[in-house]
Amino acid sequence: MPEFAELLEGYKRFRQDVYPAKRARFDELVADGQHPKLMIIGCSDSRVDPAQIFDVDPGDIFVVRNVAALVPPFETAPGHHGVSAAVEFAVQMLEVKQIVVMGHGMCGGCKAALTGDLDGENPGAGGFIADWIRLLDPVRQPVVHEHGTTGRDAERAMELAAVKLSLENLRTFPWVREKEQSGELKLRGAFFAITEGVLKVLDEASGEFLPEE
């Protein structure tokens, strides 16, 4: 696990090797601004970095990460809507052409939603997490009915269900729905597990996640 001093060593390698090699790209991003064609909504989990998994350069993808890669449904109630703000910026200002919701294996947020272990906890002891992953309540019961609340089969079912739910919630945003219907925007679901090293993409027609070769 890197301490800050080790991060600084990484920064030095970046300054010495990566920055000079990609200086033209960085200059382009400064001069022209960012114009990513794709947004990824992923989990904050330190093991699944979208930029590393997809091997992309700075400026290629617009990324928002949170616990369990969740998208809340569209709402206009007062509050701090971080994911909604990111979706709005990506779709309306950056005009991305695709949004990928990427779940992952061994997701702690999905597991907590499944077991309910954090229910009733105070903020600072899991309360904020419990409130956030309550977004998964609509898909929890079907998973529990078929698989129970523990074990890898149950956890994997919840992880995949979370991706589908976030796609459903994305479609509650009026401008997302309109652009998808007009063909200006494509929504995709994906799943990656470091235990397998294989990306799986959701085929919405069948509801199955199919491996990419």
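Nothing here was measured: the structure is a model prediction, and the numbers come from that model.

Peer 1: So what's going on with the overall build of the chain? Which residues, and what values?
Peer 2: When helices and strands are counted, the chain shows nine helices and six strands. Taking 2.2 N^0.38 as the reference for a compact globule, 213 residues should give roughly 17 Å; the C-alpha atoms of the chain span a radius of gyration of 19 Å, in line with that estimate. If one aligns the C-alpha atoms of the chain with their principal axes, the spans along those axes are about 55 × 45 × 45 Å. Relative to its full complement of 213 residues, the chain shows a buried share of 36%. Accessible surface, the chain: about 12400 Å² in total, of which carbon and sulfur atoms supply 52%.

Peer 1: Give me the packing of helix 4 (residues 82-93) against helix 9 (residues 174-182): which residues, what numbers.
Peer 2: Two elements in contact, helix 4 and helix 9, have axes whose closest approach is 10 Å; the angle formed by their N-to-C orientations is 40 degrees. Taken together, the axes of helix 4 and helix 9 lie oblique to each other. Crossing handedness for the pair helix 4 and helix 9: left-handed. Of the residues in helix 9, those in contact with V87, E88, V91 and Q92 of helix 4 are W175, V176 and K179. For the contact of helix 4 with helix 9, the residue count by class is four nonpolar, one polar and two charged.

Peer 1: Outline the environment of R15, listing residues and values.
Peer 2: Structurally, the position occupied by R15 is in helix 1 (residues 4-21). Remark: the alpha-carbon pair of R15 and P50, spanning 35 residues in sequence, is separated by 22 Å.

Peer 1: Lay out the packing of aromatic side chains in plain terms, naming residues and giving numbers.
Peer 2: This structure, assessed with the given rule, holds seven aromatic pairs. Aromatic side chains Y19 and F26 sit 5.2 Å apart centroid to centroid with 15 degrees between the ring planes, which places their arrangement in the stacked category. Since its relative accessible area comes to 22%, Y19 is described here as partly exposed. Of the residues examined, F26 reaches a relative accessible area of 14% and is grouped as buried. Aromatic side chains F74 and W175 sit 5.8 Å apart centroid to centroid with 90 degrees between the ring planes, which places their arrangement in the edge-to-face category. With F74 in the loop between strand 2 (61-66) and helix 4 and W175 in helix 9, this pair connects stretches of sequence that are 101 residues apart. The rings of F14, Y19 and F26 are connected pair by pair, giving a single aromatic cluster. Here R15 stacks its cationic end above the ring of Y19, 5.0 Å away from the centre of that ring.

Peer 1: Lay out the environment of V198 with the relevant residues and their values.
Peer 2: Of note, V198 is situated in strand 5 (residues 198-203). Residues V198 and P211, spaced 13 residues apart in sequence, show a C-alpha to C-alpha distance of 6.5 Å. When near neighbours in sequence (up to four residues on either side) are disregarded, V198 contacts F191, F192, A193, P211 and E212.

Peer 1: Quick one: what's the story with the sheet that holds strand 6 (residues 208-211), residue by residue and with numbers?
Peer 2: Taking strand neighbours across the sheet as the criterion, the six strands line up as 2-1-3-4-5-6 in an open arrangement whose pairing is mixed. Strands with a single pairing partner mark the edges of an open sheet, and in this sheet they are strand 2 and strand 6. Averaged over all pairs of adjacent strands, the angle between their axes in this sheet comes to 30 degrees, without regard to strand direction. Sheet analysis places strand 3 (residues 98-104) next to strand 4 (residues 186-193), joined by seven bridges and oriented parallel. Opposite V101, over in strand 4, you have G189 as the bridge partner. Where helix 4 meets the sheet, its contacts fall on strand 1 (38-43), strand 2 and strand 3, and the angle it forms with strand 2 comes to roughly 170 degrees.

Thresholds, definitions, all that
- Residues numbered from 1 in each chain as written.
- Predicted model: local features only at pLDDT ≥ 70, side-chain atom pairs only at ≥ 80, totals over all residues.
- Heavy atoms only, no water.
- Helix = DSSP H or I, 4+ residues; strand = E, 2+ residues; numbered from the N terminus.
- Rg over C-alpha atoms; globule rule 2.2 N^0.38 Å.
- Buried < 20%, exposed > 50% of the residue type's maximum accessible area, 1.4 Å probe, protein only.
- Areas by Shrake-Rupley, 256 points an atom, 1.4 Å probe, with all protein chains shown as cover.
- Axes fitted to C-alpha atoms, helices over the stretch in contact; angles between N-to-C directions.
- Parallel < 35°, antiparallel > 145°, perpendicular 65-115°, else oblique.
- Left-handed = near helix turned anticlockwise from the far one by under 90°.
- Contact = heavy atoms within 4.5 Å.
- Nonpolar A, V, L, I, M, F, W, Y, C, P; charged D, E, K, R; others polar.
- Phe/Tyr/Trp six-rings, centres within 6.5 Å; stacked < 30°, edge-to-face > 60°.
- Lys NZ or Arg CZ within 6 Å of the ring centre and 35° of its normal.
- Pairing = 2+ DSSP bridges.

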